[in-house]
Amino acid sequence: MDTEGSVTRRSGAGWILPTGLLGTYGFFANLRPSEPFLTAYLLGPDKNLTERQVFNEIYPVWTYSYLVLLFPVFLATDYLRYKPVIVLQGMSLIATWIMLLYAQGTLAVQFLEFLYGISTASEVAYYSYIYSVVEPNLYQKVTSYCRMATLTGFTVGSVFGQILVSVANWSLFSLNVISLICVSIAFATSCFLPMPRKSLFFHKNSDYPSNKKLNISDTSQPKGINNGLLCATQAEEVEAHIPLNSAQLDIKNYLTDNSIGLKSVLKTLWKHFLHCYSSRTLICWSAWWAFSTCGYYQVINYSQGLWEKIAPSSHFHVYNGSVEAVSTLLGAIAVFAVGYMKISWSTWGELLLALFSVIIAIAVYVMDITGNIWICYMSYVFFRSMYMILITIATFQIATNLSMECYALVFGVNTFVALILQTFLTLIVVDSVGLGLDIFTQFLVYGGYFAAIAFIFFVSGLGNLRNKCQRKPIALSIEMEKKISNGNSRVEEVSKIHTGRNICAL
């Protein structure tokens, strides 16, 4: 009774404080009115950098640092139990904007990009923290709140920055001062977050004694898992070991309340990796996610440079903040509408991915060839909205049959693969060490990149559809045989009944 009461209390009002603090942190950490005008700021009189320095020497540093830091930060996040890494992210944001205000020269701004890479890699702590301090039945609610906070912060920051630039005629330096104040508030908020007592891999199930047996009442579980009553957190622990391909996994290594060593964690991660990627469907959606995210990052990172070339901020009024806000808002609306789409994704998913990838490729190509900034803006909004729709569908399809441990691992692996692809793309296309292409040629490459993704998934989708069509007659024939067999059995049964009645009549 005490255990049930404590679980009830924790699943009650106990989630409000950490969710409120984390949401406040996410709002202010993304409330950066200067970000839509970063390229104009670096190319302007405050930094006086050249286009080649910004596009080919400075921006690629973020991609490289993000890739190098992602896996170590992922492990550190779990080992340190989230909060210290969130505090680190706040500190790195403060350092980034201090340097953005006062640093001069290419080398200093490159180091600034490295600091921002630390901040980006640390986002895994923000999106993982809340799952360690609330009960599983609240995951959907708190996730929506935290994501809404970040989107709201980004949208408000973009609109606020646009108003200050266009209406109040503030300098870009002043916008960066406001951004520094906002990220400082975020850092102060992070210090008040409650310290979790458990994590997914290094500190598992610390709230429950190790001699407590794990039981589950669902009779559909694999053999070796006893039936019985199970509390919410224990159910989450066991769920990770229900494989996608119905093969049984050994779960005894996971059931401990003590801290686990690095070697054991790596073994656990490898088992989860093999377990999750045994599904063709998951591999398909993960592949699209990794490939498209790579291209998405490239377009997002260098779109300001393209706008600056089409309509230089020194000669035209720029509306980057408004465009970012509108694209985020329309993307959020489109994502909401996805919840009402009823499509057989197992049958048509790959072909639809191919179709929408073609549309995305066309949008990027239009951004590249147009000389009208408004057409470029509209293509960008359309590009972001389409990507948000598809990435939401991919996220849902991947997460449908995954537990929290598998969820974190799969999305981490997909992001890591996307960063590897982005690193190669940046090194070859953008970096001055490679081809060092101009911004228009870069976007031509990105449009071709999405067209190649569309071709790959079109071929894969046709193959999948053909296999389903070939299997359908076989399935129908098997079903027909079952019905005929059942019908014959029924005839024999009726015949026996009538025979019995006739005998009784005699």
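Conventions and cut-offs
Residues numbered from 1 in each chain as written. Predicted model: local features only at pLDDT ≥ 70, side-chain atom pairs only at ≥ 80, totals over all residues. Heavy atoms only, no water. Helix = DSSP H or I, 4+ residues; strand = E, 2+ residues; numbered from the N terminus. Buried < 20%, exposed > 50% of the residue type's maximum accessible area, 1.4 Å probe, protein only. Contact = heavy atoms within 4.5 Å. Core = buried A, V, L, I, M, F, W, Y, C linked by side-chain atoms within 4.5 Å. Axes fitted to C-alpha atoms, helices over the stretch in contact; angles between N-to-C directions. Parallel < 35°, antiparallel > 145°, perpendicular 65-115°, else oblique. Left-handed = near helix turned anticlockwise from the far one by under 90°. Nonpolar A, V, L, I, M, F, W, Y, C, P; charged D, E, K, R; others polar. Salt bridge = Lys/Arg side-chain N within 4 Å of Asp/Glu carboxyl O. Patch = residues over 30% accessible without salt bridge, like charges linked within 9 Å, V, L, I, M, F, W, Y side chains within 5 Å. Areas by Shrake-Rupley, 256 points an atom, 1.4 Å probe, with all protein chains shown as cover. Phe/Tyr/Trp six-rings, centres within 6.5 Å; stacked < 30°, edge-to-face > 60°. Polar contact = N/O pair within 3.5 Å; in protein donor to acceptor, adjacent residues only side chain to side chain. pLDDT = per-residue confidence, 0-100.

**As for the overall build of the protein chain**
Part 1: Counting secondary structure elements, the protein chain contains 17 helices and zero strands.
Part 2: Here the protein chain holds 506 residues, and the buried ones make up 49% of them.
Part 3: Counted over contacts in the protein chain with a minimum sequence separation of 6, partners at least 24 positions apart contribute 81%.

**As for the nonpolar core**
Part 1: Grouped together as the largest cluster of nonpolar side chains are 112 residues, with contacts concentrated most on Phe443, Tyr446 and Phe450.
Part 2: The contact partners of Phe450, leaving out residues within four places of it in the chain, are Ser292, Gly295, Tyr296, Val299, Ser357, Ile360, Ala361, Val364 and Phe383.
Part 3: Counting six residues, the second largest nonpolar core, distinct from the first, contains Phe74, Leu75, Phe202 and Leu269.

**Here we look at the packing of helix 4 (residues 51–80) against helix 11 (residues 262–276)**
Part 1: Relative to each other, helix 4 and helix 11 sit at 115°, their axes nearing to 12 Å. Here helix 4 is positioned roughly perpendicular relative to helix 11, judged by the angle of their axes. Pair helix 4 / helix 11 crosses with right-handed handedness. The residues of helix 11 that touch helix 4, namely those facing Phe71, Phe74 and Leu75, are Leu262, Val265, Leu266 and Leu269.
Part 2: Across the contact of helix 4 with helix 11, the residue classes tally to seven nonpolar, no polar and no charged.

**Observations concerning the pattern of salt bridges**
Part 1: All chains considered together, the criterion is met by three salt bridges.
Part 2: Notably, a salt bridge pairs Arg384 with Glu324, separated by 3.0 Å at the nearest N-O pair. Of this pair, Arg384 sits in helix 15 (residues 373–399) while Glu324 is found in helix 13 (residues 320–338), placing the two residues 60 residues apart along the sequence. Accessibility assignment for this pair places Arg384 and Glu324 in one class, buried.

**Structural notes on a nonpolar patch on the surface**
Part 1: A contiguous nonpolar patch, built from Phe424, Leu427, Ile428, Val433 and Leu435 and spanning about 520 Å² of accessible area, is present on the exposed surface.
Part 2: Inspection of the secondary structure assignment puts Val433 in the loop between helix 16 (404–430) and helix 17 (439–505).

**Quick notes on unusual backbone geometry**
It is generally the case that most residues other than glycine have a negative phi and that most peptide bonds are trans.
Part 1: In this structure, Tyr82 is a non-glycine residue whose phi angle is positive, near 70°.
Part 2: Counting through the fold element by element, Tyr82 comes out in the loop between helix 4 and helix 5 (83–102).
Part 3: If you check the backbone angles, Asn169 has positive phi at about 60° while not being a glycine.

**Let's talk about the packing of helix 4 against helix 12 (residues 280–310)**
Part 1: Where helix 4 contacts helix 12, the axes come no closer than 11 Å and their chain directions differ by 165°. Relative to helix 12, the element helix 4 is oriented roughly antiparallel. In this structure, helix 4 meets helix 12 at a crossing whose hand is right-handed. Contacts between helix 4 and helix 12 pair Glu51, Phe55, Tyr59, Pro60, Trp62, Thr63 and Tyr66 from the former with Tyr297, Gln298, Asn301, Tyr302, Gly305 and Lys309 from the latter.
Part 2: For the contact of helix 4 with helix 12, a count of residues per class yields seven nonpolar, four polar and two charged.

**So, the environment of Ser303**
Part 1: Its place among the elements puts Ser303 in helix 12.
Part 2: Accessibility expressed as a relative area gives 0% for Ser303, which makes it buried.
Part 3: Separated by 267 residues in the primary sequence, Ser303 and Pro36 have C-alpha atoms spaced 10.0 Å apart.
Part 4: Every residue in contact with Ser303, bar those within four places of it in the chain, is listed here: Met367, Tyr380 and Phe443.

**Structural notes on the side chain of Ser385**
Part 1: Its location among the elements puts Ser385 in helix 15.
Part 2: Setting aside residues no more than four positions away along its own chain, Ser385 makes contact with Ser327, Leu330 and Gly331.

**Section: the packing of aromatic side chains**
Part 1: The full count for this structure, using the stated rule, is 21 aromatic pairs.
Part 2: A centroid spacing of 5.9 Å and a plane angle of 85° characterise the contact between Trp62 and Tyr297, whose relative ring orientation is edge-to-face. Linking Trp62 in helix 4 with Tyr297 in helix 12, this pair joins segments that are 235 residues apart in sequence.
Part 3: On the basis of relative accessibility, which here comes to 22%, the residue Tyr297 falls in the partly exposed class.

**Here's the deal with the environment of Ser357**
Part 1: With respect to the secondary-structure elements, Ser357 resides in helix 14 (residues 345–369).
Part 2: Ser357 gets classed as buried once you look at its relative accessible area, which sits at 1%.
Part 3: Here the alpha-carbon distance between Ser357 and Phe458, two residues 101 residues apart in the chain, equals 9.7 Å.
Part 4: The residues touching Ser357, leaving out its near neighbours within four places in the chain, are Trp288, Phe450, Ile453 and Ala454.
Part 5: Within the local environment of Ser357, its side chain forms a polar contact with the backbone oxygen of Leu353, the two atoms lying 2.6 Å apart.

**Examining the environment of Cys146**
Part 1: Tracing the chain through its elements places Cys146 in helix 8 (residues 139–166).
Part 2: On the basis of relative accessible area, Cys146 is assigned to the buried category, the value being 4%.
Part 3: As a C-alpha pair, Cys146 and Gly26 span 120 residues in sequence and 7.0 Å in three-dimensional space.
Part 4: Setting aside residues no more than four positions away along its own chain, Cys146 makes contact with Leu22 and Tyr126.

**Here we look at the confidence of the model for the protein chain**
Part 1: Per-residue pLDDT for the protein chain averages 77, and the proportion of residues at 70 or more is 74%.
Part 2: Residue range residues 1–12 is modelled with pLDDT below 50. Its contacts to residues more than four positions away, or to other chains, number 13 contacts.
Part 3: The low-confidence segment residues 206–258 (pLDDT under 50) makes 92 contacts with residues lying over four places distant or belonging to another chain.

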